[in-house]
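Single-letter residue listing:
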Amino acid sequence: MKRVGVQIPQFFIIFFLILMMFLAFRLEIPLNWIISDALVRLVMNGVLVLSLVPMLRAGIGINFGLPVGVIAGLLGLCMSVNMSIKGLLGLSAGILFSIPFAVALGYGYAGILNRVKGKEEITATFVGFSFIPLMNFFWSTAPFTNPAMLWPIGGKGMRPVIGLKSYFAKALNQLWMVEIAGVRVPIGLLLFFGMLCLLLFLFFRTNFGRALKAVGENEQFAGLAGINISRVRAWAVILSTVIGAIGICVYAQSYGFIELYDAPLMMAFPAASAILVGGSMGRHTHIIHVVIGTFLFQTTYLISGPIANELMIPEVAEIFRLMITNAIILYALLYEGGKSHAAV
Amino acid sequence: MRFFMKGENPMPQFNWVPLVFAVFSATAFYFSEMSAAFVTNEVITRFIRDGVMVLALIIPINAGMGVNFSIIVGALCAQVGLILAVDYRLGAVSGLLLISTVGILLSIFSGVIIGICLNRAKRREMITTIIIGFLATSIYQLIFMVGYGTVIQPTNQEMMLSRGIGIRNMVDLEMFRNVIDTLWLFRIERIEIPVLMILCVFGFALMIKYIMKTRLGKQFMVIGESLEKAEALGIHVGRVRIKAIVASTLIACLGHIFYILNIGMLDVYTAQMNTDIFSCAALLAGGATVLKADVRHAFSGIVLFHSLFIVSPQAGQNVFGNPALGEYFRSFVAYGTIAFALIISSKNQEKLSIKEKTVKVT
């Protein structure tokens, strides 16, 4: 079942990208700025997109409950900031602290998803949605002590946006930054992303990774072959949650702010859209889909901003982004449905 | 067995959700220290505003398509009609005529499209309807924030933003305010009862009851039970499912017209927000599941869910000294109820399928 050629979403997004490149050229937006930022944005969002792969491979579907992983990552980041650890060490500490949370939350999340086989996507969406207000309780009463994170008046409850400038903002972005012909290439950041991709690739080469793929391909055969399906699915969910937690750490350092409260509510949708643009179709998901998809998707995001500003209607960029995001997800849902319908 | 009517589930499972809601509402009401009259008035208002919207969910659930989150599209159709009425500066009667005509035509059209989409996405209807709702919202925003003033020329300059492109966030509907909701207004002490509006909501409920009793309603029920069975009986499954979605979108559109007219202002870009989530949560709070829903679930659900919604911020303020906590609690209840219902329903389904299998074996 190997698909060859360009599907409608890819065609559409490439067409859109060319159109916007043309506009950007007309509006004299410098090309080297676009490329530099595109590289940063690839990794900034790429890790979050990468987190969808294990669950897709295991046949659980798109992880619309990405906020669960994101919140684990935010907890780790807040702990790191609370201890005022600076620089790369602070980021690493944040990632390290978030992993136990991600494993614990992922375990519970997996328990839920194993109960709702066949309806994972919709349940995941609402588990993610309902987890956000639950965590809002925690954020507004959190026992953190660093005054940079708390409301300036009253000194209780976390701020919705925490600046990381004096901690580890852009720590990974600026690691081994090289300027080649006016384009700033963040080698450290790209290496980090490459390493994560490689690790995940190698994981799917191990016995356990093969078992995971087998469950995704055909659950009944996998069961007959002696694979404990629930356990494998649970590990896929946990892995997705952990990578999601790392993803938000990378995102926050790149963005320069930790965003709490309702900010992660809609994070799953652009990520899902990116991986679908890359050519992922359910179980047939490869790491390369993540890289291509994130690059194409995030570059259109990136260029649409300044163009809309030039055209004097700044809201257009945001509306277009949302429209593209949801149109791509809808296309994927209908395309897969049409396929299974034909099979019946 | 003979205690139960024919065709009814001989072992109806007790649903704990309404009871939990009742306990929560009562506790929050106690701590909020609000007067009973105020809460009753608010609940009646919400009943009129959201009642029809909740009823719109019933038909697709019984047709086995789950919760139709794309009722938001119906709401958008109503808003399009309202904006057009304001644009052409129509009076109360002609305006209402235009609003309902535009709304009905648009919602039938979009209902057919949604139905065709959902026929391609069988068994994943709910997630598809959510995405359709998001997509429709952005298309709507694009039309009214960008299209108006560039492609579409408005006749009423008052509702436009000062830059000449896009409609203002708030459009006043003064000519429609208090046109229908003050008719037959009764007062008992401090409680106001707009009888006509309540009768309208009950009228919709009766209509849905009637539809479920007709041939079409029976077809919905059979499809809801099993797609294979319906096909074996010679029912044109795809077409009947489209009818279910068209009915749902249409009712949602009319319900949203009620909602906006009752408020008397149109929040152009955000009035439709969360109507899907709150309606769904209210229906489930009343004891419906994602597989089976009835009019009585809708009515008890609205009362339970909205009384909790009204009192919880004040209760949060009184108990924790922070109204935001009550706010978070509300959102958690709305999303959490849906998540819980989804988890519970698939557990029941599993049991059911096991039962069916054992029956086949024996």
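Residues numbered from 1 in each chain as written. Chains lettered and ligands numbered in written order. Predicted model: local features only at pLDDT ≥ 70, side-chain atom pairs only at ≥ 80, totals over all residues.

1. A closer look at the overall build of chain A
Here's step 1: The number of helices and strands found in chain A is 13 helices and 4 strands.
Here's step 2: Relative to the 2.2 N^0.38 estimate, which gives 20 Å for 344 residues, the radius of gyration of chain A is 20 Å and therefore close to what a compact globule would have.
Here's step 3: The C-alpha extent of chain A, read off along each of the three principal axes, is 60 × 50 × 35 Å.
Here's step 4: Across the 344 residues that make up chain A, the buried fraction comes to 47%.
Here's step 5: Across chain A, every contact between residues at least 6 apart in sequence was considered, and the portion connecting residues at least 24 apart equals 76%. (Helix = DSSP H or I, 4+ residues; strand = E, 2+ residues; numbered from the N terminus. Rg over C-alpha atoms; globule rule 2.2 N^0.38 Å. Buried ≥ 20, exposed ≤ 12 C-beta atoms within 10 Å, placed from the backbone. Contact = placed C-beta atoms within 7 Å.)

2. Some thoughts on the nonpolar core
Here's step 1: Core analysis: the largest hydrophobic core is formed by 215 residues, its most contacted members being A271 and A272 of chain A together with L55, L57 and A281 of chain B.
Here's step 2: It is helix α10 (residues 237–263) of chain B that provides the largest number of residues to this core, a total of 16 residues. (Core = buried A, V, L, I, M, F, W, Y, C linked by C-beta atoms within 7 Å.)

3. Considering the interface of chain B and chain A
Here's step 1: Every contact between the two is made by 35 residues of chain B and, on the other side, 33 residues of chain A.
Here's step 2: Elements with a contribution of two residues or more to the side of chain B that touches chain A: α5 (92–120), α6 (125–147) and α13 (323–361) of chain B.
Here's step 3: With 14 residues, the single largest contributor to the side of chain B that touches chain A is α6 of chain B.
Here's step 4: For the side of chain B that touches chain A, the residue count by class is 23 nonpolar, 7 polar and 5 charged. (Nonpolar A, V, L, I, M, F, W, Y, C, P; charged D, E, K, R; others polar.)

4. Here we look at the environment of G244 of chain A
Here's step 1: Secondary-structure assignment places G244 of chain A in helix α10 (residues 229–255).
Here's step 2: Those residues in contact with G244 of chain A that sit more than four places away from it in its chain are L48, S51, L66, G69, V70 and G73 of chain A.

5. Notes on the pairing of strand β2 (residues 185–188) of chain B
All names here are of chain B.
Here's step 1: Of the strand pairs in this sheet, β2 and strand β3 (residues 191–194) are connected by 4 bridges, and their pairing is antiparallel. Considered in β3, the bridge of I188 is made with I191.
Here's step 2: The hairpin turn running from β2 into β3, its antiparallel successor, is 2 residues long, and E189 in that turn takes a positive phi close to 55 degrees. (Pairing = 2+ DSSP bridges.)

6. Considering the confidence of the model for chain B
Residue and element names in this part refer to chain B.
Here's step 1: Per-residue pLDDT for chain B has a mean of 84; in total, 90% of the residues score no lower than 70.
Here's step 2: At the level of individual helices and strands, chain B shows its lowest average pLDDT in α13, which scores 73, and its highest in helix α3 (residues 58–62), which scores 92.
Here's step 3: Under a pLDDT of 50 for its full length, residues 1–8 has, in the predicted model, 2 contacts with residues more than four places off or in other chains.
Here's step 4: In this model residues 355–362 is a low-confidence stretch, pLDDT under 50, and it forms 0 contacts with partners more than four residues away in sequence or in other chains. (pLDDT = per-residue confidence, 0-100.)

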